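Listed here are the chains, written in short residue letters.
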Amino acid sequence: MEQTAENLIGGRYRPVLGQQLPGAAVGLTAYAAHDIMDPSSLLMAVAVQPELPARAGVLDGSIATMPSLLYPLAHGVAPLPDGKAGRFVICPAPPGPAIGVTRRWSENELLIFVLAPCARVLAMLAEQGKTHRCIHPDNLFRAEHGGPVVLGEAWSAPAGTFQPAVFEPPYSAMCRPEARGMGSPADDVYALGATMLALAIGHLPMAGLDEDTAIRRKLEHGSFSALLGDTRISANLAELLRSMLADNPAQRPKASQLIKAVEGRVQRLVTTPARRAAQPMEICGLYSRDTRTLAHALAVHPGPAANLLRKGEVSLWLRRNLGDSQTAGIIDEILRAAGDDGSLVARCVAALDPLAPLMWHGIGVWPDGVGPAIARARAGTGADPTLLAGLITQEAIAGWALQRAEFCDFAALQQHARTLRSMLQSTGGLDRLAYALNPLLPAEGAPLGGACVTSLDELLLALEAASKRSDLLRLEPLTPEMLPFLAMQLPGSIAAEVSEIVAAGNDPANAGRARIRLLARVEARCNVGLLPGLTAWLERSAFAALGTLRSKSRRERMTVQIKTMLAGGRINPIAAVLEATEEQQADRRGALAADALHAAIERELAGMEAGSAKRAHAARMLGLDVASSCGIVMLGLAIILTVVL
């Protein structure tokens, strides 16, 4: 892909591919970027991974110019180092290296240089209903001369994807990274608290523990105690961080309240300890003494969990060892109503711990993280697509929400679950869902020639560019793998065309007609100018579509018309010729008349054949009669001659 003025990102930014910025964007590759309107600005271009689409909801420019934040300036398509097209997000470049965890920060440093600037950013994001979701020491930057830290880039991948689990609340850390969802401002407060604690103790908390063990320890001891370990920090800082790291998000201070903490005004957190059993319940080596840890054990070992639930051992333990008859009764109700093991475990986990995410056959997701989970699963780098399809088919989101209705909008999530199921069952299935839930997921299809296509305009321009490549012209310009993308971009209006293309199979005439009709609809939605290469590419489809006409003279006349249209660079006139109502009706009338005449001739011929058969039979019978009579006469003559002679 040639780099020209036309493919500047946002009309002004160009990635400088020869200048990488290591560590500037956690988990992704970042390059320096040039602003043609302000050459002195220090910018970076973060390359988006196709299977991890960028966060469309925060790339609308509403958080631009926010201080102490590498805010998104623009996003768009430009060449990658290998020449293929890729999507980039443009942000200010970091003012210096990531702070990391290399020393212990004093309480004063943490309050002035970390908490104060970050709390202001989070408060502004919260006012706009947005979250950051990637706050940790490797994504905080500081100028070499010191000063306040700057929050790093968090827009070029699904929310939470590159957040280390230790800095995530346990209930989002339990999810697949790409399925953590947008989260809430309280989740950003937690991540900031975990970051400040790491800087306060001078090393990464729970170093050396795997993620599952770290999550389990947080659930058993509470996040603050689990992260702090045996290290000591000042009483004031401990009180602040304890509140920021509350496992219940409702108990965490708002970002706007954290600004007051810089002045030493910290609200003391009062929590009620969870009821704990003297005799633990063991599931696959995990020993649980309360409902939170029991829910986690069931979630991560769904097979054995379903068996224990169906045997009644879980509800029995709740009654005998925890004295919790109410929760045990809820589990018994779920057992009576639940269907398969997946639904059973998911609902029981939610009943035991309403703060937990949806756990489906060992996969943790938040409802708004289903889209990115599907996108990554399709690429073969995520969860099993079959399990995600089952989650949607079983409307597991609704079942999960029902058990925690006081923590969510059950009616909205129930409707969301039904919508997802309906879309899954429509043309395109899981692929269509991937595009519907990830607006910046690139379309797939060999005819696109590797272009990064996320809109109808980009689709037509990519096909026009591909029409100049001889290796692609042997393909049809619209192939089945492109249909789910179009079904999402043109909802409700293309069901017939998509179904016709899919059903046509090896019928080039009907497939060609539907293909041109569909591309004409796309063209009608766009304003990209003439497309002479694409219309020339449609010649094979157009002439194949004429094959449905019965009249030779009409086919010849319309062939001449279409040849003229193919050179015009517009798809709609070609479709108009193929769909001409009068021509189609006249052809059908002529075909019906011809069929009727043909049938009449066939009947006449059949009648003639039947009559000929009857006449032949009569002739044969007459011949036999004559032969028989002649025989008798001859026999009589012979007898007479014998007597006479």
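Criteria and cut-off values
- Residues numbered from 1 in each chain as written.
- Predicted model: local features only at pLDDT ≥ 70, side-chain atom pairs only at ≥ 80, totals over all residues.
- Heavy atoms only, no water.
- Helix = DSSP H or I, 4+ residues; strand = E, 2+ residues; numbered from the N terminus.
- Buried < 20%, exposed > 50% of the residue type's maximum accessible area, 1.4 Å probe, protein only.
- Contact = heavy atoms within 4.5 Å.
- Areas by Shrake-Rupley, 256 points an atom, 1.4 Å probe, with all protein chains shown as cover.
- Pairing = 2+ DSSP bridges.
- Axes fitted to C-alpha atoms, helices over the stretch in contact; angles between N-to-C directions.
- Phe/Tyr/Trp six-rings, centres within 6.5 Å; stacked < 30°, edge-to-face > 60°.
- Parallel < 35°, antiparallel > 145°, perpendicular 65-115°, else oblique.
- Left-handed = near helix turned anticlockwise from the far one by under 90°.
- Nonpolar A, V, L, I, M, F, W, Y, C, P; charged D, E, K, R; others polar.
- Salt bridge = Lys/Arg side-chain N within 4 Å of Asp/Glu carboxyl O.
- pLDDT = per-residue confidence, 0-100.
- Core = buried A, V, L, I, M, F, W, Y, C linked by side-chain atoms within 4.5 Å.

A word on the overall build of the protein. From N to C terminus, the protein includes 26 helices and eleven strands. Residues counted as buried form 50% of the 645 residues belonging to the protein. Across the protein, every contact between residues at least 6 apart in sequence was considered, and the portion connecting residues at least 24 apart equals 66%. With the model as given, the accessible surface of the protein reaches about 29,300 Å², and the carbon-plus-sulfur share is 55%.

Another aspect to go through is helix α13 (residues 370-378). With eight of nine residues buried, α13 is to be regarded as a mostly interior element. The set of residues buried in α13 consists of V370, G371, P372, A373, I374, A375, R376 and A377. Looking at the packing, one finds that the buried side of α13 touches β11 (363-365), α14 (385-393), α15 (396-402) and α17 (429-437). One or two positions beyond α13, positive phi appears at G380, with a value near 80 degrees.

Spatially, the five strands line up as an open sheet ordered β1-β2-β3-β5-β4, and their pairing is antiparallel. Two strands lie at the open edges of the sheet, namely β1 (13-20) and β4 (74-79), each paired on one side alone. Sheet twist, expressed as the average angle between the axes of neighbouring strands with direction ignored, equals 40 degrees.

Here the focus is the side chain of R347. By the element assignment, R347 lies in helix α12 (residues 341-352). Dropping the residues within four chain positions of it, R347 is found in contact with I334, A337, G399, L402 and Q403.

Our next topic: the environment of W537. Along the chain, W537 turns up in helix α22 (residues 532-537). Overall, the relative accessible area of 4% leaves W537 in the buried class. A sequence separation of 70 residues divides W537 from S467, and the C-alpha atoms of the two residues are 6.4 Å apart.

We now examine the pairing of strand β2 (residues 30-35). β2 sits mainly inside the fold: five of its six residues count as buried. Pairing between β1 and β2: five bridges, direction antiparallel. Opposite P15, over in β2, you have A33 as the bridge partner. Two elements, β2 and strand β3 (residues 43-47), share four bridges in a ladder whose sense is antiparallel. Considered in β3, the bridge of A30 is made with V46.

Evaluated as defined, the whole model comprises three aromatic pairs. Centre to centre, the rings of Y31 and F88 are 6.3 Å apart; their planes meet at 65 degrees, and the pair counts as edge-to-face. Of this pair, Y31 sits in strand β2 while F88 sits in strand β5 (residues 85-92); the two residues are 57 residues apart in sequence, bridging distant segments of the chain. By relative accessible area, Y31 is classed as buried at 6%. You can call F88 buried: its relative accessible area is 0%. Relative to F485, the ring of Y435 lies with its centre 5.5 Å away and its plane at 80 degrees, an arrangement referred to as edge-to-face. Note that Y435 is positioned in helix α17 and F485 in helix α19 (residues 483-489), a separation of 50 residues in sequence. Note on accessibility: Y435 and F485 belong to one class, buried.

The geometry of helix α11 (residues 325-337) relative to α12 is characterised by a closest axis approach of 10 Å and an angle of 165 degrees between their N-to-C directions. It follows from the interaxial angle that α11 and α12 lie roughly antiparallel. Seen from above, α11 lies across α12 with right-handed handedness. Counting all contacts with α11, which are made through T327, I330, I331, I334, L335 and A337, the residues of α12 involved are L344, R347, C348, A351 and L352. Its residues assigned to classes, the contact of α11 with α12 shows nine nonpolar, one polar and one charged.

Within the structure shown, the criterion is met by 21 salt bridges. The partner of E395 in a salt bridge is R421, and the shortest N-O contact between them spans 3.6 Å. Placement of the pair is E395 in the loop between α14 and α15 and R421 in helix α16 (residues 410-425), with a sequence separation of 26 residues. A residue is classified by how much of its surface remains accessible, and R421, at 31% relative accessible area, is partly exposed. One continuous salt-bridge network, built from bridges that share partners, spans R176, E178 and R376.

Turning next to the confidence of the model for the protein. When pLDDT is averaged along the protein, the result is 87, and 84% of the positions lie at 70 or above. Under a pLDDT of 50 for its full length, residues 590-595 has, in the predicted model, two contacts with residues more than four places off or in other chains. Predicted confidence is poor over residues 635-645, with pLDDT under 50, and the contacts of this stretch with residues over four places away or in other chains come to zero contacts.

Before going further, it helps to examine the nonpolar core. One finds L294, L318 and I392 to be the most contacted residues of the largest nonpolar core, which totals 109 residues. Looking at this core, the element that brings in the most residues is α12, giving eight residues. Leaving out residues up to four positions away in the same chain, L294 has contacts with M281, I283, S288, V314, W317, L318 and L352. In terms of nonpolar packing, the next biggest core, distinct from the first, is built from 69 residues, V46, L111, Y190 and A198 among them.

Attention now goes to unusual backbone geometry. Trans is the common state for peptide bonds, and a negative phi is the common state for residues other than glycine. Here S68, not a glycine, exhibits a phi torsion of approximately 60 degrees, which is positive. Structurally, S68 is set in the loop between β3 and β4. Of note, the phi angle at C284 is positive, near 50 degrees, even though the residue is not glycine. Take C284: it is sitting in the loop between β8 (281-283) and β9 (286-288).

A word on the packing of α16 against α17. Where α16 meets α17, the axes come as close as 7 Å, and the angle between the chain directions of the two elements is 130 degrees. Viewed along their axes, α16 and α17 adopt a mutual orientation that is oblique. Only G429, L430, L433, A436 and L437 of α17 make contact with α16, whose side of the interface consists of L420, M423 and L424.

Next up on the list: the environment of A255. Secondary-structure assignment places A255 in helix α7 (residues 255-261). When the C-alpha positions of A255 and C118 are compared, they lie 8.6 Å apart, and in sequence the two are 137 residues distant.

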